[in-house]
Amino acid sequence: MCGQCGCDEPQAAPLPRRRLELHQPLLSRNDNQAARNRDHFTRHGLRTINLLSAPGSGKTALLEQLARHWPRPPIGVIVGDLATDNDARRLQLAGARAVQIRTGDLCHLDSALVDQAFSQLDCSGIDLLVIENVGNLVCPAAFDLGEQRRIALLSVTEGEDKPLKYPALFKSADAVVINKADLAEAVGFDRRSAIANLNAIAPQAALFELSARTGEGLDALIHWLDAKPA
C-alpha cells in the first residue's frame, strides 16, 4: 500500500454498468470538416499531402528539397508544431508559402485547425499543398485532415521496427519514405528487415528511399507526387 495513488483506500461498491448509445462516430465532427477541406482543396486544384512522422525524422528538410525542386513552384505548406514558427520560416526561405499552426499541448492536427490555416494561405499559382503534421507516430494517424494522399516518413536512425510498433500510421499511408539513406551504413540500419516489416504492415504503400540532406532519390518521390491522385 503506497498511500499516494489511492490503492490503500477502502474499495467502494462497484457502480452499475450503463450502456451509452453514441449513434455517431467520435470523430464525426472532424471527419465532416475534413470532407469540406477536401472540397476546398479540390476547387483550388491542389494535390494535398498529409506528412506524418516522429520528431527529427527530417520532414522539414524533405519539404525544403521539395520547395526547391518542385517543377511548378511555389509549393504551399501548413506546418504543425506545439510551439515556435521555426519550420515555417525555414520553408519560406526555401521558397515555399508556409503557414504555421502552433498547437500548444495538442499532439496532432485536426481538420478545423487546418481549415483555419488554409484561410491564411495564398494559393494562387500553387498546385501542391503539404500538411506537415505534428511529430508523433500515434495520434495524428486517427485524424483525416482532408488530404488526398498520406505519407509516412521513417528515418534510418529510428530503427527497422517502427512499422511493427506503430502499425496504425503505416497502415493508413499511401506512401512510405525512408529518409537519411546516406546515414544507413553508419547507424547500422538493416534495410532488408525494414522493408520486410513495411511489406507486412503496409503492403499498399509505395516505397521511396532518399536523403533529404543530399537530395538523392528525390526525383522518384516528385514523380509520384506529380501523378494524378487516385
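Everything below is about the structure printed above this text.
Residues numbered from 1 in each chain as written. Predicted model: local features only at pLDDT ≥ 70, side-chain atom pairs only at ≥ 80, totals over all residues. Heavy atoms only, no water.

Colleague: Can you break down helix 8 (residues 218–226) residue by residue, with the values?
Modeller: What helix 8 keeps buried is the set Leu218, Leu221, Ile222, Trp224 and Leu225. Axial view of helix 8: buried residues confined to an arc of 160°, hence all on one face. In helix 8, those exposed residues whose orientation departs by more than 90 degrees from the buried face are Asp219 and His223. At its buried positions, helix 8 is contacted by strand 1 (47–53), helix 2 (59–69), strand 5 (149–155), strand 6 (175–179) and strand 7 (206–209). (Buried < 20%, exposed > 50% of the residue type's maximum accessible area, 1.4 Å probe, protein only. Helix = DSSP H or I, 4+ residues; strand = E, 2+ residues; numbered from the N terminus. Arc of directions from axis to C-beta. Contact = heavy atoms within 4.5 Å.)

Colleague: Break down the pairing of strand 5 for me, with residues and values.
Modeller: Extensive coverage of strand 5 is indicated by the burial of seven of its seven residues. Judged from the five bridges that link them, strand 1 and strand 5 form a sheet pairing that is parallel. Note that in strand 5 the partner of Ser53 across the bridge is Leu153. As paired elements, strand 5 and strand 6 share five bridges and run parallel to each other. The residue bridging Leu154 from the neighbouring strand is Ile178, located in strand 6. (Pairing = 2+ DSSP bridges.)

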